[in-house]
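Examination of the molecular architecture
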Amino acid sequence: MVAREWWRGSVIYQIYPRSFMDSNGDGVGDLAGITARLGHIADLGVDAIWLNPITPSPMKDMGYDVSDYRDIEPLFGTLGDFDALLEKAHRLGLKVIIDQVFAHSSDLHPFFVDSRQSKTGRYADWYVWADPRHDGTAPNNWLSVFGGIAWEWEPRRHQYYFHNFLKEQPAFNFHNPDVQDYHLETLKFWLERGVDGFRLDAVNFQFSDKKLRDNPADYRIKTEPDWNPFEMQYPMYSKNQPENLDYLRRVRALLDRYDARTTVGEIGENHHPIEMMGTYTSGGRLHMAYSSEMLGDEFGAKYLRSSVERFISGAPDGWAAWAFSNHDITRHISRWRAYAADPARFAKLCATMLLSFEGSICLYQGEELGQEESVLTFEELTDPQGINFWPETKGRDGCRTPFAWDSAAPNGGFSSVTPWLPVKPLQLSHALDRQTGDESVLAHYRRMLALRRAEPALQTGKTAYFDTEEPVLAFMRGDRFVCVFNVSAGTARFASETIGEPVVFFDARLANGVLDLGPNGFMIALKK
């Protein structure tokens, strides 16, 4: 890969700082803990790490409510600790990407504290404010992702402020040029410090309609209310505004002034996610984008092929970052359990598929262990989504529980004291120290990562799909590899004269051009 475009075909390892490693015995992971464990990540063979928010925050939404964009949350350490992490990561050959949450701040951010005081203060127009309707109700029908209306009354201004998420997360007014410039300066602050890129949270939420027009009902007709009424609207005006695309060109222009930096944007979109990914990564905007397309309940050969193919055909100049799991969604080993012969087999299948896809790849901490979702009680929850919508959804805490390093150590070796979320027996059964031998899930991840890193065809080679029926997914990468996967818990068969010498395989037997695949079996072979 050209050094400046190291991100093309890269593999990014996502670290949830609260849950990776506690170095000071307070039950919460921190930067020093991450630094101490970077060797594990470097040994995997990934290209970069992505840190979830590490800036100061009241933690109403676990760091996604930022109160200071240019410092480190004391729970996690100091700027000095961050510099030490950055230095060690670079020494180990790892790029460092940090989360940036620009669509909204904390309600305790000094800018919002000032903004809510009056309509004439310095930051009065830095957030989205609106007068009530004549009957006192909210300015429009926009809904919050976390439930209820997306407006909160402020008596000092006699106005409502807009929040896409919690009421403690007021939305910035990106129509104000000063807001745009402030966030560009924040990026510059971290670029000058040496970070290699940014994961931009909820990047399509930054602008809302200046006229505050009502959202229409979801065009996908609902026969009964959803558990979350947010999904009953088509968010035509509360996000996805065209002005956002112009702003992202400014972001790209800033990064282009630095050597070998990148952006990956989270497209929070359930209606046109693939199309949005293409739009946001074309025309000199984001370098990469990912969406919920592979983070939902849908699975299967046809679905996976369609997701990748639609992106490639719809955005020939765009670049996708694919993921099966992250900090906001049930871990894929549990989410797609119906397709699994057993968890270990399925973990290897998913690793091989994901790491052979065209685009860049995001792995979530613990994925390399075949980690499954933690089952928590209501009393153990910290996530506002889970608390607000229980029991229809259990929230996001189940995928955020601490990394299990040592199955015999208290709290899985994560902390010497009771951690902020519990480490359950299921998670201990997948602990790092249990990943021994060549047949372990961890060993398989290392093999696949080494293969991808060594082979340009698996990094940037084009994809050509074979016409197959469920449950077989089969495609060429470049002119070098044939990749075949059985995405079911049953057996499958694939016939092709193009299959040559096997490179990576599991429960797969090739004879006379016919490949027989056992449950969750797969093969990556050289093209004959």
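This text gives an overview of the structure that appears in the document.

Analysis parameters
- Positions within a chain are numbered from 1, following the residues in the order the chain's sequence is written.
- Since the coordinates come from a predicted model, pLDDT governs what is reported: local features require at least 70, and pairs of side-chain atoms require 80 or more to be given and counted, while whole-chain, interface and lining totals use all residues.
- Heavy atoms throughout the structure, all of them, feed into the side-chain values; hydrogens and water do not.
- The angle between two axes is taken between their N-to-C directions and runs from 0 to 180 degrees, where each axis is a line fitted to C-alpha atoms and a helix contributes only its stretch in contact.
- Secondary structure follows DSSP: runs of H or I at least 4 residues long count as helices, runs of E at least 2 residues long count as strands, and numbering of each begins at the N terminus.
- In what follows, roughly perpendicular refers to angles from 65 to 115 degrees, roughly parallel to angles under 35, roughly antiparallel to angles over 145, and oblique to any angle outside these ranges.
- The sense of a crossing depends on the near helix, which, turned anticlockwise from the far helix by less than a right angle, makes the crossing left-handed and, turned clockwise, makes it right-handed.
- Contacts were defined at the residue level, with two residues in contact if any of their heavy atoms lie within 4.5 Å.
- Residues were grouped as follows: Ala, Val, Leu, Ile, Met, Phe, Trp, Tyr, Cys and Pro as nonpolar; Asp, Glu, Lys and Arg as charged; and all remaining residues, including Gly, as polar.
- With a 1.4 Å probe rolled over the protein chains alone, any residue whose accessible area is under 20% of its type maximum counts as buried; one over 50% counts as exposed, and the rest are partly exposed.
- Two strands pair if DSSP finds at least two bridges between them.
- Counted as salt bridges are all cases of a side-chain nitrogen of Lys or Arg within 4 Å of a carboxyl oxygen of Asp or Glu.
- Side-chain rings of Phe, Tyr and Trp, where Trp is taken by its six-membered ring, are said to pair if the distance between their centres is within 6.5 Å; with planes under 30 degrees apart they count as stacked, over 60 as edge-to-face, and otherwise as tilted.
- Working rule: Lys NZ or Arg CZ, within 6 Å of ring centre, within 35 degrees of ring normal, means a charge sits over the ring.

This brings us to the packing of helix H5 (residues 177-193) against helix H6 (residues 243-255). At their nearest, the axes of H5 and H6 sit 11 Å apart, and the two run at 25° to each other. For the element pair H5 / H6, the angle class is roughly parallel. H6 is crossed by H5, and the crossing has right-handed handedness. On the side of H5, the interface is formed by Gln180, Asp181, His183, Leu184, Leu187, Lys188 and Leu191, while H6 contributes Tyr247, Arg250, Val251, Leu254 and Leu255. When its residues are assigned to classes, the contact of H5 with H6 shows 7 nonpolar, 2 polar and 3 charged.

The buried fraction of strand E14 (residues 481-486) is high, at 6 of 6 residues. Side chains of E14 alternate between two faces, with Phe481, Cys483 and Phe485 and Val482, Val484 and Asn486 buried alike. Bridging between strand E13 (residues 472-477) and E14 involves 6 bridges; their strand directions are antiparallel. By the bridge assignment, leucine 473 is partnered in E14 with phenylalanine 485. Taken together, the 5 bridges between E14 and strand E17 (residues 514-527) define a ladder with antiparallel strand orientation. By the bridge assignment, cysteine 483 is partnered in E17 with isoleucine 524.

Our focus in this paragraph is the packing of helix H7 (residues 273-280) against helix H8 (residues 301-314). Interaxial distance between H7 and H8 falls to 9 Å at its minimum, and their mutual angle equals 35°. Read as a crossing pair, H7 and H8 show a hand that is right-handed. Here Ile274, Glu275, Met277 and Gly278 of H7 lie close against H8, whose contacting residues are Ser307, Arg310 and Phe311. Within the contact of H7 with H8, the residues separate by chemical class into 3 nonpolar, 2 polar and 2 charged.

Moving on, we get to the pattern of salt bridges. Pairing between side chains of opposite charge can happen when the charged atoms of each approach one another. Applying the stated criterion across every chain, the model contains 35 salt bridges. Notably, a salt bridge pairs arginine 193 with aspartate 83, separated by 2.9 Å at the nearest N-O pair. In this pair, arginine 193 is assigned in helix H5 and aspartate 83 in helix H3 (residues 79-91), connecting sequence segments 110 residues apart. Relative accessible area serves as the criterion here: at 30%, aspartate 83 is assigned to the partly exposed category. Salt bridges sharing partners connect three or more residues here, namely Asp61, Asp328, Asp383, Arg396 and Arg400.

Before going further, it helps to examine the sheet that holds strand E6 (residues 159-162). Here 3 strands make up an open sheet; going across it, the order is E4-E6-E5 and the pairing antiparallel. Strands with a single pairing partner mark the edges of an open sheet, and in this sheet they are strand E4 (129-130) and strand E5 (151-154). Sheet topology places E4 next to E6; 2 bridges connect them, and they run antiparallel. If you follow tryptophan 129 over to E6, its bridge partner there is tyrosine 161.

What follows covers the sheet that holds strand E3 (residues 95-100). Strand pairing within a sheet occurs via backbone hydrogen bonds; the two strands may be parallel or antiparallel. Strand order in the open sheet formed by 8 strands is E9-E8-E7-E3-E2-E1-E11-E10, with parallel pairing between adjacent strands. Edge positions in the sheet fall to strand E9 (288-291) and strand E10 (321-323), since each has one partner strand and no second. Neighbour-to-neighbour, the strand axes of this sheet turn through a mean angle of 25°, independent of strand direction. Here 4 bridges tie E3 to strand E7 (residues 197-200), and the two strands are oriented parallel to one another.

Throughout the structure, instances matching the rule amount to 45 aromatic pairs. Their ring planes at 80° and their centres at 6.1 Å tell us that phenylalanine 311 and tryptophan 322 sit as a pair that is edge-to-face. Linking phenylalanine 311 in helix H8 with tryptophan 322 in strand E10, this pair joins segments that are 11 residues apart in sequence. On the basis of relative accessibility, which here comes to 3%, the residue tryptophan 322 falls in the buried class. A network of ring pairs unites the aromatic residues Tyr69, Phe102, Phe111, Phe112, Tyr123, Trp126, Tyr127, Trp129, Tyr161, Phe172 and Tyr182 as a single cluster. The ring of tryptophan 420 carries the charged tip of arginine 18 above its face, separated from the ring centre by 4.3 Å. A cation sits over an aromatic face here: lysine 394 above tryptophan 390, 5.3 Å from the ring centre.

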